[in-house]
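# A look at the structure
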Amino acid sequence: MANSVKSRRGRIISALALAGACVGLVFLLQTANEQHAWSSTEAVVQERIKSGKNAKVRVEFSLPGGGTHVTTLSENGSIHETGTRVEVRYDLGGDGKVVDAALADNDQGFWVMGVMLGVVISGLVVLNLVAWSPVRPSPAAP
């Protein structure tokens, strides 16, 4: 196995995999940071929709212009029952309409993906150290 990783193809593949995982982590961090910069407001859960292991909530919240917006959001964090108040982050487009929205306590998905990518990157760093380490000459047989 170590010899196949030390081949030219193995070195290139391990370097590309590490670069891809690092790009994925940077994208994840940028997305999380962008979402934290969105406006936030309080919303009321109108309905909780459960489908298998997935759960979504339909929420209604008021916009700065005076209107209200109803949307269905993924529920990745804590469970929100009908009628409860939740905090929602939203992004407005140039026309004042909601472009994207998310529950404010949905950071669990970012944490899980961040930890998973961190473990993958750690493994790929070790693999690259093995792949790019100098080849030791085999001991001569007496």
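These numbers come from a predicted model, not from an experiment. Once a new chain begins, its residue numbering starts again from 1 and follows that chain's sequence as written. Local features are withheld for residues below a pLDDT of 70 in this predicted model, meaning they are given only at 70 or higher, and side-chain atom pairs are given and counted only at 80 or more; totals for whole chains, interfaces and linings count all residues. The side-chain values count all of the structure's non-hydrogen atoms but skip hydrogen atoms and water molecules.

## What about the side chain of Q35?
Only runs of H or I of at least four residues qualify as helices and only runs of E of at least two qualify as strands under DSSP, and these elements are numbered from the N terminus. With respect to the helices and strands, Q35 occurs in helix α2 (residues 8-36). Setting aside residues up to four positions removed in sequence, Q35 forms contacts with R89, A102 and F110. It only takes one pair of heavy atoms within 4.5 Å for two residues to be counted as in contact.

## Focus on the confidence of the model for the protein chain
As a per-residue measure, pLDDT tells how confident the predictor is, with possible values from 0 to 100. Chain-level pLDDT for the protein chain is 87 on average; 96% of the residues reach the 70-or-more range. Per-element confidence in the protein chain is highest for strand β2 (residues 54-62), whose mean pLDDT is 92, and lowest for helix α1 (residues 2-5), whose mean pLDDT is 66.

## Overview of the pattern of salt bridges
Here, a salt bridge means any side-chain nitrogen of Lys or Arg that lies within 4 Å of a carboxyl oxygen of Asp or Glu. Per the stated rule, a full pass over the model turns up three salt bridges. Here R85 and E42 are joined by a salt bridge, their closest N and O atoms 3.3 Å apart. Of this pair, R85 sits in strand β4 (residues 85-92) while E42 sits in strand β1 (residues 39-51); the two residues are 43 residues apart in sequence, bridging distant segments of the chain. Measuring nitrogen to oxygen at the nearest pair gives 2.8 Å for the salt bridge that ties E75 to R48.

## Concerning the packing of α2 against helix α3 (residues 107-132)
Axis definition: a line fit to C-alpha positions, over the contact stretch in the case of helices; interaxial angles, taken between N-to-C directions, run 0 to 180 degrees. The interhelical angle for the contact between α2 and α3, taken along N-to-C directions, is 160 degrees, at an axis separation of 9 Å. With respect to α3, the axis of α2 lies roughly antiparallel. Crossing of α2 against α3: the hand is left-handed. Each residue is assigned to one of three groups, with Ala, Val, Leu, Ile, Met, Phe, Trp, Tyr, Cys and Pro labelled nonpolar, Asp, Glu, Lys and Arg labelled charged, and all others, Gly among them, labelled polar. For the contact of α2 with α3, the residue count by class is 18 nonpolar, seven polar and two charged. When an angle is under 35 degrees it counts as roughly parallel; over 145 it counts as roughly antiparallel; between 65 and 115 it counts as roughly perpendicular; any other value is oblique. Left-handed describes a crossing whose near helix is turned anticlockwise from the far helix by less than a right angle; the clockwise case is right-handed.

## A look at the side chain of N128
Its place among the elements puts N128 in helix α3. Excluding anything up to four places from it in sequence, N128 contacts R11, S14, A15 and L18.

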